[in-house]
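# Close look at the chain arrangement
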Amino acid sequence: MVEEKKVIFSGIQPSGSLTLGNYLGAVKNWVALQHECTCYYCVVDLHAITVRQDATELRKRTLDVMSVLIAAGIDPEQSVLYMQSHVPQHTELAWILDCYTYLGELSRMTQFKDKSQKAGENINSGLFTYPVLMAADILLYQADMVPVGVDQKQHLELTRDIAIRFNNLYGDVFTVPDPYIGKAGAKIMSLQEPEKKMSKSDENENSYIALLDGPDVIRRKVKRAVTDSDGEIRFAEDKPGVSNLLSIYSSICGISVEEGEKEFSGQGYGVLKERVAEAVVDVLEPLQKKYHEIRKDKAYLTEVMQKNSQKAAYVAQKTLAKVQRKVGLAPTKL
Ligand code: TRP
């Protein structure tokens, strides 16, 4: 018997430049999964406009992210890599699901609470219904598993609740997705405040390594990374800075943290930082070279986006049509 491949869906926001944390924590996993699963990877430009964006900048960044993902190893022939706004079924399903999601549920989302505090005057409805669009993203493709970071777990829980509610009313319409915690993934922390996640939206540029940082910038940022004063290279809770450098190193080299510790036993932080910097430069240099080739090839990018949004729309439309029928919308053809 042939076992059906599992369906994976994940989305990435085109905000800021992607970091080494995104690469080691998420993208590397996405790359590994594409061989065993049917994968949908979506650049979520419609989620990005829940906060005010500069139009020219946003347009540029969505293409940057698409190109970085390809350069990092997402194969657009194998995985369905596409732009969210190119597949209108996402917003259509989101509207219907809005009608099956309660205000109370959305008010409890911690990301909404955080973001609305920061949003100043612009606490728009899109910021509030953001998780419903995310649910639509996932449910359209009947995804079995969704690779997400901890910050998105609550949104995935809500997606499950919406799917279960809908299925209880109308029969088995949606696959109820599970979170996927990857093997290859590592949680990479800020180089300056290693208690915090490495983030592309951090104000302090020294706290993250952008995937497009040049070798000298990388070396400088790693050199400045916060460590501690005990001088021993160990992975330990009370040594967040050193532990983070060990995570970066072992994740890049594909070894365990324990193996990394052994490799550096008896050495000083200077050596650790040098080797971490070289390891990072070694993975990012070829990635950047590829990125620059892809990014300027408009014909290629257009083809990737068109082909893949068609593939996505085909599957999405099947789910959407079923949902429309279940809730009682009249068909276009009687
Ligand atoms: N909200 C996610 C984030 O900010 C991005 C996202 C949108 C997503 N739709 C998704 C992630 C669907 C997983 C599945 O990281």
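Let me begin by describing the structure that accompanies this report.

What counts, and at which threshold
- Residues numbered from 1 in each chain as written.
- Predicted model: local features only at pLDDT ≥ 70, side-chain atom pairs only at ≥ 80, totals over all residues.
- Heavy atoms only, no water.
- 1 Å grid on protein atoms, 1.4 Å probe; cavity = no way out; pocket = protein on both sides within 12 Å on 5 of 7 lines; lining within 4 Å.
- Points joined across faces, edges and corners; volume = space filled by probe spheres on them.
- Helix = DSSP H or I, 4+ residues; strand = E, 2+ residues; numbered from the N terminus.
- Nonpolar A, V, L, I, M, F, W, Y, C, P; charged D, E, K, R; others polar.
- Near = heavy atom within 4 Å.
- Polar contact = N/O pair within 3.5 Å; in protein donor to acceptor, adjacent residues only side chain to side chain.
- Areas by Shrake-Rupley, 256 points an atom, 1.4 Å probe, with all protein chains shown as cover.

Turning to the layout of surface pockets, a few remarks are in order. Taken as a whole, the second largest pocket encloses approximately 220 Å³ of empty space. Lining the second largest pocket, in full, are Leu46, Ile49, Thr50, Thr91, Ala94, Trp95, Asp98, Asn124, Gly126, Thr129, Val132 and Leu133. When contributions to the lining of the second largest pocket are tallied by element, the ones reaching two or more residues are α4 (89-98) and α7 (125-140). Residue classes in the lining of the second largest pocket are distributed as six nonpolar, five polar and one charged.

Moving on: the site of the ligand. In the region of the ligand, 13 residues are neighbours, and Gly11, Tyr130, Met134, Asp137 and Gln152 sit closest. Here tyrosine 130 contributes a side-chain N or O atom positioned 2.7 Å from a nitrogen atom of the ligand. One nitrogen or oxygen atom from the side chain of aspartate 137 is found 2.7 Å from a nitrogen atom belonging to the ligand. Bound to the protein, the ligand loses 89% of the 360 Å² it would expose on its own. Among the secondary structure elements, those contributing two or more residues to the shell around the ligand are β1 (7-12) and α7. Class assignment for the residues of the shell around the ligand results in seven nonpolar, five polar and one charged.

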